[in-house]
Amino acid sequence: MSNTIDKHYTDPRLVAIYDLDNPWSADTDYYLSLATKNKMNILDLGCGTGILACAFAAKGHFVTGVEPSQQMLEQAKKKQHADKVNWICSLAENFYSNQKFDLIIMTGHVFQVFITDNEIQNILRIMRSHLANEGIVAFESLNPNQKLWEHWKSDTYKTIANGKEVIKSWKEINSIENNKVTFSNVYQFPDTIITSQSTFCFLSYKDLKEKVEQEGFSIVKAHGDWSRTPFTENSKEIILVLEAKG
Ligand SMILES: C[S@@+](CC[C@H](N)C(=O)[O-])C[C@H]1O[C@@H](n2cnc3c(N)ncnc32)[C@H](O)[C@@H]1O
């Protein structure tokens, strides 16, 4: 369910290494490049430790960062330019504002925590109702065709160096039910193992297109990777940029 926060984002030892585990990368550059005008009003739903929210604020945009984990927000507030961001501690599905936004983003596969049709419909409605005229929405979802979870344990294995400590980390599959994959993020510290469980919904491009169109959006761009390669059925990611239907 999307209304509980994974241990990944609340356990103090996991939150402390989040930015080391998820540093600035090609996806962050991609989203930053979507702010093409000056002083845009930007909504970052599930902003985590605020890597993008603070980067947009540094460029002079007006940013609202919505994040349900107080622990993640505490990390965000330590970043440069954090004082310019309007931080809101809330689940994205409970967010309401009377503001409209020129750019609404949901990054780091947060969209996949919405697993029932109702949850997906609801989050798309929230995005649509907060979108300014000529505004855009962008988020990504992993392409189910690639069945990435089949090789997750080896493909996601990495080490994270946190000062003197080296942490080993990987993803492990727990169960698969239709298009819902439940998995564990495992973090092996020198003195303990911390495991956080999540469930992601994997929607096909066809299903995503149908759902976003039902909620009043049209797809402006569909990319398959962070280099802007057009989406194909063999892409790893489904990266969507949406506008309100005319
Ligand atoms: C993988 S992190 C991504 C953080 C950030 N967007 C980024 O790209 O670095 C996922 C974040 O989504 C948040 N999250 C989980 N469920 C959520 C929900 N229902 N609404 C909003 N945020 C949620 C988590 O607390 C976590 O901070």
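What you see is a predicted model, and the numbers here were worked out from it, not measured in a lab.

Moving on to the domain arrangement of the protein chain. One frequent convention defines the size of an interface as the accessible area lost when the parts assemble. The domain boundaries assigned to the protein chain delineate domain 1 (7-142 + 203-244) and domain 2 (145-200). The C-alpha-based centres of domain 1 and domain 2 are spaced at 22 Å. Domain 1 puts 18 residues into the contact, and the matching count from domain 2 is 22 residues. Interface of domain 1 and domain 2: buried area, both sides summed, is about 1800 Å²; carbon and sulfur atoms make up 59% of it. Taken together, the connections running from domain 1 to domain 2 amount to 3 salt bridges. With a shortest N-O distance of 3.0 Å, Arg 13 and Glu 165 are connected by a salt bridge. Counting across the domain 1 and domain 2 interface gives 11 residue pairs in polar contact (both at pLDDT 80 or more).

This part is about the sheet that holds strand β9 (residues 193-201). Strand order in the open sheet made by the 4 strands is β6-β7-β8-β9, with antiparallel pairing throughout. Taken across any chain shown, the strands that pair with only one partner, and hence form the sheet edges, are β6 (158-162) and β9. Adjacent strand axes in the sheet meet at a mean angle of 25° when their direction is disregarded. As paired strands, strand β8 (residues 180-188) and β9 are joined by 9 bridges and run antiparallel to one another. The residue bridging Asn 185 from the neighbouring strand is Ser 196, located in β9.

The subject of this paragraph is the nonpolar core. Counting residues in hydrophobic clusters, the biggest one holds 30 residues, and the most contacted among them are Leu 45, Met 106, Met 127 and Phe 139. Among the secondary structure elements, those contributing two or more residues to this core are β1 (41-45), β4 (101-106), α6 (117-129), β5 (131-142), α8 (205-214), β10 (217-223) and β11 (237-244). Residue contributions to this core peak at 5 residues, all from α6. Among all residues touching Leu 45, those that are not within four sequence positions of it are Val 66, Ala 92, Phe 95, Ile 104, Ile 105, Met 106, Thr 107 and Met 127. Among the nonpolar cores identified, the runner-up in size contains 27 residues, and Leu 34, Met 40, Leu 52 and Leu 103 belong to it.

Below, the discussion takes up the packing of aromatic side chains. The description of two aromatic rings rests on the distance between their centres and on the angle between their planes. Applying the stated criterion across every chain, the model contains 12 aromatic pairs. Taking the centre distance of 6.3 Å and the plane angle of 55° together, the rings of Trp 152 and Phe 202 count as tilted. Residue Trp 152 is located in helix α7 (residues 152-155), and its partner Phe 202 is located in the loop between β9 and α8; the two are separated by 50 residues in the primary sequence. The buried category is assigned to Trp 152, whose relative accessible area is 7%. By relative accessible area, which is 4% here, Phe 202 ends up buried. Ring pairs connect the aromatic residues Trp 149, Trp 152, Phe 183, Phe 200 and Phe 202, which therefore count as one cluster. Between Lys 171 and the ring centre of Trp 152, over which it is positioned, the NZ or CZ distance is 5.7 Å.

Calculation criteria
Residues numbered from 1 in each chain as written. Predicted model: local features only at pLDDT ≥ 70, side-chain atom pairs only at ≥ 80, totals over all residues. Heavy atoms only, no water. Domains from an automatic or database assignment. Contact = heavy atoms within 4.5 Å. Buried area = accessible area lost by both parts, 1.4 Å probe. Salt bridge = Lys/Arg side-chain N within 4 Å of Asp/Glu carboxyl O. Polar contact = N/O pair within 3.5 Å; in protein donor to acceptor, adjacent residues only side chain to side chain. Pairing = 2+ DSSP bridges. Helix = DSSP H or I, 4+ residues; strand = E, 2+ residues; numbered from the N terminus. Axes fitted to C-alpha atoms, helices over the stretch in contact; angles between N-to-C directions. Core = buried A, V, L, I, M, F, W, Y, C linked by side-chain atoms within 4.5 Å. Buried < 20%, exposed > 50% of the residue type's maximum accessible area, 1.4 Å probe, protein only. Phe/Tyr/Trp six-rings, centres within 6.5 Å; stacked < 30°, edge-to-face > 60°. Lys NZ or Arg CZ within 6 Å of the ring centre and 35° of its normal.

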